[in-house]
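Structural overview for review
So the chains spell out like this:
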Amino acid sequence: MQVFTQKRNPITGSTEWDVQHEDYDYHREIARSAFADMLHDTERNQKYYRALKLAIDKQHSEGKKANVLDIGTGTGLLSIMAAQCGADSIVACEAFKPMAECCLKILEQNGVADKIIVIPKRSTDLTVGEDGDMKQRANILVTEVFDTELIGEGALSTFSHAHKHLLEQDCIVVPDSAVIYAQVVECSTLQKWNKLNDVVDDYSQVMLRTPQKMKDCAGSAAVHDIQLSQLPRTDFKEVSEPIPVFYYDWSGKTPIDMKRTVKQKFSITNTGHAQMVFMWWDLNMDTEGKIVLSCAPWWCHPDTNFSSERPQDTIPWRDHWMQAVYYLPIEIQVEKDAEVSLVSCQDEYSLWFYLEDENTKYKHHKRPICECGVHMTLSRTHVSYLNDTGRNSKLLRQLKNDVSSDTTLLSLNGSDLLVLAVAKSIKKVYVIENMSINIGILTDYIKENDLENVEIIPEATDAILNEVTNVFCNPNFSSAILPWENLKVAYLLYSYKEKLNANVSIIPDGCEFWGMPVEFQDLHKIRIPLNECEGIKMASFDSLVERSRTISDCELEAQPMWEYPCWSRGEPRRLLDVDLRALQPTAVADGVFSIVDNNDSSHTINGFAVWVVWRVGGANLSAGPLTPPTVGQRVTWDMHTRQAVKILQSSREVSGSAQWRYQIACDLRQGQFDIAIDWVQ
């Protein structure tokens, strides 16, 4: 059965009805879950197994039965490990019913269905007693209820409830404890993802001032999860050593605090600006702390091979647990060896941080809240895009070259600021924007810079279009996620085509879509089938996920490729050219390409990458590779945009003469863009 669902078309901006499978949301939740990513995490799996075996052996050595409770069992992996280690009884709970049903099949396929009881409930709903879900309290708890922030999935309440209602007093918990680490750093690169800077020209002269309320705003306490190990080491400077800020005793020997604030003094290690906190955590898997699972970035990781050419690639990779960035409410200039205080705050689900010195003190340490609108409205990626001086320079240079004092300029992107930077040098600026929160940001800029000739309009009327001499669109909309969703510029231009003057100037000139076969170093693990995990059959899980992906997922997904290393394994190919000055209502393109030209060597390919390059005058603005990719070499990706990737179900070893194909269909009247990429069989 199919049903109508509403979805927003990012190209047209309108809400449309779409026909979807009746269980679309359910299948999307399965497809988007991180189960597969976690199960591909070999270090995690093996350390859980080792800690479980120690716990079960310890109970047996003391003459006790090993009664295991597995909270949030998922596929049942940890319960099956417990059975392999000789547990006497195992109760596994899983609230997500499709996964609980899948777990039962996996237990059956692995011959342990008679050893594990699966309860399709939350742990907080379990009952203990003769007629309960558990006959007795467990003396071993194994669970993995953590996220990048450690406590964001409700770990504190889960452990607290389990100790009160489900576990024996002297139980063993796997993992036994956790430590959160914080490191205060200066990083101008990531600060661009947090605060909007003044817009400057090629000579560093300010063309548009950022409103003071935005500069002073404490920002958002929302975690910025990121693969910190891929951040260039030259892009940041530590101003502190790693500081252990929170210790969590999962064993139950000490109570769990749902809310606390810790102030710690430390000495500054390098003179600089304290701008943000890098955060990660370690799990102590066993009671003696001999088995440690660390989520530290490479420069602090215990397993890093520092003699390697790329030490960041020598530590275990995972995407379900990354590192986190927390931006400090106020940036503080600090001197080496000075003593300052880091204030670390925690509630039941989240963290935030303050830094205090002799001149900077806070009356309270409440969770920071955005009061300027930027942090609530714009994604961190879009803020970084607006701060990309290299791209801004090229766009501004062309814009200044095209306008004059008689120019009436129409801006098609209300989440852009560059048109405001040239407003004082031209006659009139119209900005199309109908979202009130975006309008608020634009209005603040207009007031701050005393711009009297800028008018924000919900749509361009015929009279305005007839008046316009220049059209400008910074080709990155705040609503866009996939590269082609920025074709909103083409959709708008086409809809205005008949009303605009024939000689109107348009920036950008056009764009090109490019595609390339790649070999991901690790990213493919978030989608590829498991088959087996630590010798445990997972075919039922693979089938469930693949069926759900077929129903709910697009063929290509957006990823910030700079965080995920890959190699070019084929020549980059141009897939589609869009001329914004000569738009047609539809565009269809297809083609077949060899992996490489004039080379028959073999290549391992596990995906494809697609990106867009915008033409501005004589310059190209790549929202993909920063330099032309060379087959066999690592690709350096733009940090300020997302690219589209297709992850193949399995890696393929192919020769250079192997072929891949693509199809693109674009309809500007409907705002539709469809793309398919696959092998030529």
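As a starting point, this report considers the structure included with it. Computed from a predicted model, the values in this text were never measured in an experiment.

This part is about the packing of aromatic side chains. Applying the stated criterion across every chain, the model contains 24 aromatic pairs. A centroid spacing of 6.1 Å and a plane angle of 20° characterise the contact between Phe-146 and Phe-159, whose relative ring orientation is stacked. In this pair, Phe-146 is assigned in the loop between β6 (138–143) and α6 (155–165) and Phe-159 in helix α6, connecting sequence segments 13 residues apart. For the pair Phe-146 and Phe-159, a shared accessibility class is recorded, and that class is buried. Centre to centre, the rings of Trp-611 and Trp-637 are 5.7 Å apart; their planes meet at 80°, and the pair counts as edge-to-face. Pair noted here: Trp-611 is in strand β32 (residues 602–616) and Trp-637 is in the loop between β33 (619–622) and β34 (643–655), with a separation of 26 residues, a long-range link. Cluster of aromatic residues (ring-pair linked, three or more members): Phe-146, Phe-159, Phe-246, Tyr-248, Trp-250, Trp-281 and Trp-321. Looking at Arg-233, its charged tip hangs above the ring of Trp-299, at a distance of 5.5 Å from the centre. Taking NZ or CZ as reference, Arg-260 lies 4.8 Å from the ring centre of Tyr-248, over its face.

Let us look at the pattern of salt bridges. Using the criterion set out here, one finds 33 salt bridges in the structure. The salt bridge involving Asp-170 is made with Lys-64; its shortest N-O contact spans 2.9 Å. Pair noted here: Asp-170 is in strand β7 (residues 167–174) and Lys-64 is in the loop between α3 (42–61) and β3 (67–71), with a separation of 106 residues, a long-range link. The partly exposed category is assigned to Asp-170, whose relative accessible area is 44%. Exposure remark for Lys-64: the relative accessible area of 29% places this residue in the partly exposed category. Taking the shortest distance from any N to any O, the salt bridge between Lys-290 and Glu-288 comes out at 3.1 Å. By relative accessible area, which is 56% here, Glu-288 ends up exposed.

Before going further, it helps to examine unusual backbone geometry. Cis peptide bonds are those with omega within 30 degrees of zero, and the linkage from Val-174 to Pro-175 qualifies with 5°. Of note, Pro-175 is situated in the loop between β7 and β8 (177–186). Here the bond from Ile-507 into Pro-508 is cis, since omega is 5°, no more than 30 degrees from zero. Locating Pro-508 in the fold gives a position in the loop between β24 (505–507) and β25 (510–520). For Ser-204, which is not a glycine, the phi torsion comes out positive at approximately 65°. Looking at the secondary structure, you find Ser-204 in the loop between β9 (199–200) and β10 (206–208).

On the basis of which strands lie adjacent, the open sheet formed by three strands has the order β14-β18-β19 and antiparallel pairing. The two strands at the open ends of the sheet, each matched to only one other strand, are β14 (260–267) and β19 (351–356). On average, adjacent strands in this sheet sit at an angle of 20° to one another, irrespective of strand direction. Relative to β19, strand β18 (residues 339–346) runs antiparallel, the two being bridged by six bridges. Considered in β19, the bridge of Ser-341 is made with Glu-356.

Cut-off values and rules
Residues numbered from 1 in each chain as written. Predicted model: local features only at pLDDT ≥ 70, side-chain atom pairs only at ≥ 80, totals over all residues. Heavy atoms only, no water. Phe/Tyr/Trp six-rings, centres within 6.5 Å; stacked < 30°, edge-to-face > 60°. Helix = DSSP H or I, 4+ residues; strand = E, 2+ residues; numbered from the N terminus. Buried < 20%, exposed > 50% of the residue type's maximum accessible area, 1.4 Å probe, protein only. Lys NZ or Arg CZ within 6 Å of the ring centre and 35° of its normal. Salt bridge = Lys/Arg side-chain N within 4 Å of Asp/Glu carboxyl O. Pairing = 2+ DSSP bridges. Axes fitted to C-alpha atoms, helices over the stretch in contact; angles between N-to-C directions.

All quantities given are derived from atomic positions and should not be read as evidence of function.
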